[in-house]
Amino acid sequence: MKLRADFVQLYRDVHSWVGIIAGLFLFVAFYAGAVTMFEEPLQSWASAPVALPPPVSLERTPELLQKALAAHPEARTDYTIAVTPEDAQRGRLTWDGSGGQVHHAPTQVMAAGLDAEGNLVVVPKTPSDAARFVDVLHQQVGLSLPHTPAMILMGIVALLYAIALVSGVIAYLPALVKTLFAVRLGQSVRKRWLDLHNLLGLFSLPFHVVMAISSVVFAFHGQIFALEHLLFSAPVAGQHGGMRGGGHDGEHGGGPRPDSASGSGVHGVMRTGGGERASPASVKENSSAAAAESAVVSSHGGASGVNRVEASSAAVPALRPVLEPTEILALVTRQAPGFVPEVLNYMQLGHGKDVVRVFGYDARYPTRGPTGGFMVLNSRTGAVQSGEYMPGHQPAKFAILTSFFALHFGSFGGAPVRWGYVVLGLAGAFLFYTGNQLWIVSRRRRERQSGEVVETRGTRLLAALTTGCTTGCVAGISAVFCAVPVLPFGGTYGAVSAVYYSVFCLFVGAAFCLPGQRGIRLLLGAAGVVTACVPLMLCLHGAHLLRTPEGLGVAGMAALLSAFLFAGAVKHTREI
């Protein structure tokens, strides 16, 4: 069906204006989102290593646990045992070192081990907040605001994003059939930007549709998940903490602290390029539930961290001892073949309802979170309390929602899908940049045709913002990871936030002070220099990371991005 010319023009206008309003926010969201696909290796590199003896075997873990809990009884209510060797190197046994209190200091985790003589060794470790900051930057589309207003604005941007997609398809899809691969690089600047924008938009359209719809859902996750709990099932204690299924509540949770109501660590579960896993340090970070979930879970014994152990006035019968890690793993293997346990999180809820959350992944199934799922067992009897977030063992209604989340997070298909999402994220960021540049070039051409000698204030403003915000975002994120080796604790949230926004504001200010071709070339070149320093800092301070595929991926992507920025600086030989 052929649309009338006035309808097509209307959709084009809507697409242009909506894209202009949301484009810069979306550039930050997509670029930072691509970086978060490397969250675990970046987190591992940025955080100082733990000076612990070699981890004890799982068979000796009860001995370690007995000595640690005798010396630190406050750890009984919530402690984590790492199953995988990689996580065990950071501490076979860990627990929250803040005593359940909310502080403005960096998050401290206590890690325990046994020396060669069997003596207890306990050391504090403070994970870097650099990777988490980039994650929150992605969640809040670059806005340094409290959680609630940031979520509202993010939801508005996501809605505008969806409108831009629909209007763009209606307005431009018929014409694209004829000029699908006609990228006219040698033609006018406007045609070049138009062809690149259309090509990127068409081939990544399914990805963008998923991102737009899911982002709207995440923006209003509180209401959606309250309805989910009401309709689907009554959750079991400990069921919801630690999963991104809590609805982007750490993902769109902003704020400097993961234990705040706004930061439950939806993105706090670490990513890997291939296998998917939640590190033991991140499990506590992910244990605080979303506001809607906390109220439900607390009614089952305080799984949100408040009043975990309640004294009962009635006589409580003697309880069985908690099952050892090897016993838990044997139960999981029998009940869920193919599920790979990686972290055991023991939570003491009282009244015989003590649970252990078994975090892990199953490569055959999509997951509600980016790095896997979990099942909840009674830690004394081994009875399954909940499997609603366990890959391959979910009820149909939860499986449908899980598929929805998996499409947003790329938590399926292993390393190829992860790398595909990195490429699509970077291409999406470039899509929004080309959209803004297309609008600027078209606006300048119309102004010249109407007899304007000097471009209007609105055109100058958008041109400076486009150059400053895009290069400032790239340079700011690169500067964060260049700074972590010299920042205390690898960078607290406040420190890395100050680094990013200082660089970002510097680039935006420079874009206004140096308009035109000279400013674009200078800022692109400066962003390229800062980004090129990332692989250099990895070589100087993180050589161990370069021995892993993920670390090589980080260094390789940074090198390619810096080369792309340098090429862009060279290409801007005349004002666009």
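Below, the structure is looked at part by part.

Here is what the cut-offs are and how they apply
- Residues numbered from 1 in each chain as written.
- Predicted model: local features only at pLDDT ≥ 70, side-chain atom pairs only at ≥ 80, totals over all residues.
- Heavy atoms only, no water.
- Helix = DSSP H or I, 4+ residues; strand = E, 2+ residues; numbered from the N terminus.
- Buried < 20%, exposed > 50% of the residue type's maximum accessible area, 1.4 Å probe, protein only.
- Contact = heavy atoms within 4.5 Å.
- Areas by Shrake-Rupley, 256 points an atom, 1.4 Å probe, with all protein chains shown as cover.
- Phe/Tyr/Trp six-rings, centres within 6.5 Å; stacked < 30°, edge-to-face > 60°.
- Lys NZ or Arg CZ within 6 Å of the ring centre and 35° of its normal.
- Expected span 1.5 Å × (residues − 1).
- Axes fitted to C-alpha atoms, helices over the stretch in contact; angles between N-to-C directions.
- Parallel < 35°, antiparallel > 145°, perpendicular 65-115°, else oblique.
- Arc of directions from axis to C-beta.
- Salt bridge = Lys/Arg side-chain N within 4 Å of Asp/Glu carboxyl O.
- Core = buried A, V, L, I, M, F, W, Y, C linked by side-chain atoms within 4.5 Å.

## Quick notes on the overall build of the protein chain
Helix and strand content of the protein chain: 18 helices and eight strands. Looking at the protein chain as a whole, 55% of its 576 residues are labelled buried. A fraction of 70% describes how many contacts in the protein chain between residues 6 or more apart in sequence connect residues 24 or more apart. Carbon and sulfur atoms make up 66% of the accessible area of the protein chain, which amounts to about 24000 Å² in all.

## Brief notes about the packing of aromatic side chains
A complete count under the given rule lists 24 aromatic pairs for this structure. When the centroid spacing of 5.8 Å and the interplanar angle of 80° are considered together, the rings of tyrosine 161 and phenylalanine 432 count as edge-to-face. Taken as a pair, tyrosine 161 in helix α6 (residues 147-176) and phenylalanine 432 in helix α14 (residues 415-449) lie far apart in primary sequence, 271 residues in all. With respect to burial, tyrosine 161 and phenylalanine 432 carry one shared label: buried. Judged by centre distance (5.9 Å) and plane angle (70°), the rings of tyrosine 389 and phenylalanine 398 are edge-to-face. As far as the burial class goes, tyrosine 389 and phenylalanine 398 line up, both buried. Over the ring of phenylalanine 374 we find arginine 357; its NZ or CZ atom is 6.0 Å from the centre of that ring.

## So, α14
Over its 35 residues, α14 runs 51 Å from end to end, which matches the ideal 51 Å to within 8%, given 1.5 Å per residue. Following α14 by one or two positions, glycine 451 adopts a phi angle in the positive range, close to 95°.

## Re the packing of helix α8 (residues 205-219) against α14
Packing of α8 against α14 brings their axes to within 11 Å, and their N-to-C directions diverge by 85°. Overall, the two elements α8 and α14 adopt an arrangement that is roughly perpendicular. Between α8 and α14, the contacting residues are Phe207, His208 and Met211 on the first element and Tyr421, Leu424, Gly425, Gly428, Leu431 and Phe432 on the second.

## Considering helix α3 (residues 61-71)
By the burial criterion, the buried members of α3 are Thr61, Leu64, Leu65, Ala68 and Leu69. One side of α3 carries all its buried residues, which in axial view fall inside an arc of 120°. α3 presents Gln66 and Ala70 as exposed residues on the side facing more than 90 degrees away from its buried surface. Buried residues along α3 sit against β1 (78-82), β2 (93-96), β3 (109-114), β4 (120-125) and α12 (325-335).

## Considering the pattern of salt bridges
With the rule as written, the count across this model stands at six salt bridges. Ionic pairing is found between arginine 60 and glutamate 63, a salt bridge with its closest N-O pair at 3.2 Å. We classify glutamate 63 as partly exposed; its relative accessible area is 28%. Arginine 443 is paired through a salt bridge with glutamate 447; the nearest N and O atoms lie 3.4 Å apart. Pair noted here: arginine 443 and glutamate 447 are both in helix α14, with a separation of four residues, about one helical turn. Taking relative accessible area as the criterion, arginine 443 reaches 23% and is therefore assigned partly exposed. Overlapping salt bridges, with partners in common, bring together Arg60, Glu63 and Lys67 in one network.

## Remarks on the nonpolar core
One finds Tyr31, Phe133, Ile477 and Tyr500 to be the most contacted residues of the largest nonpolar core, which totals 75 residues. Top contributing element to this core by residue count: helix α15 (residues 457-483), with 11 residues. Those residues in contact with isoleucine 477 that lie beyond four places of it in its chain are Tyr31, Ala32, Val35, Val134, Leu137 and Tyr500. Counting residues in hydrophobic clusters, the runner-up holds 29 residues, among them Leu58, Ala75, Ala336 and Leu344.

Geometric values such as these leave the question of function open.
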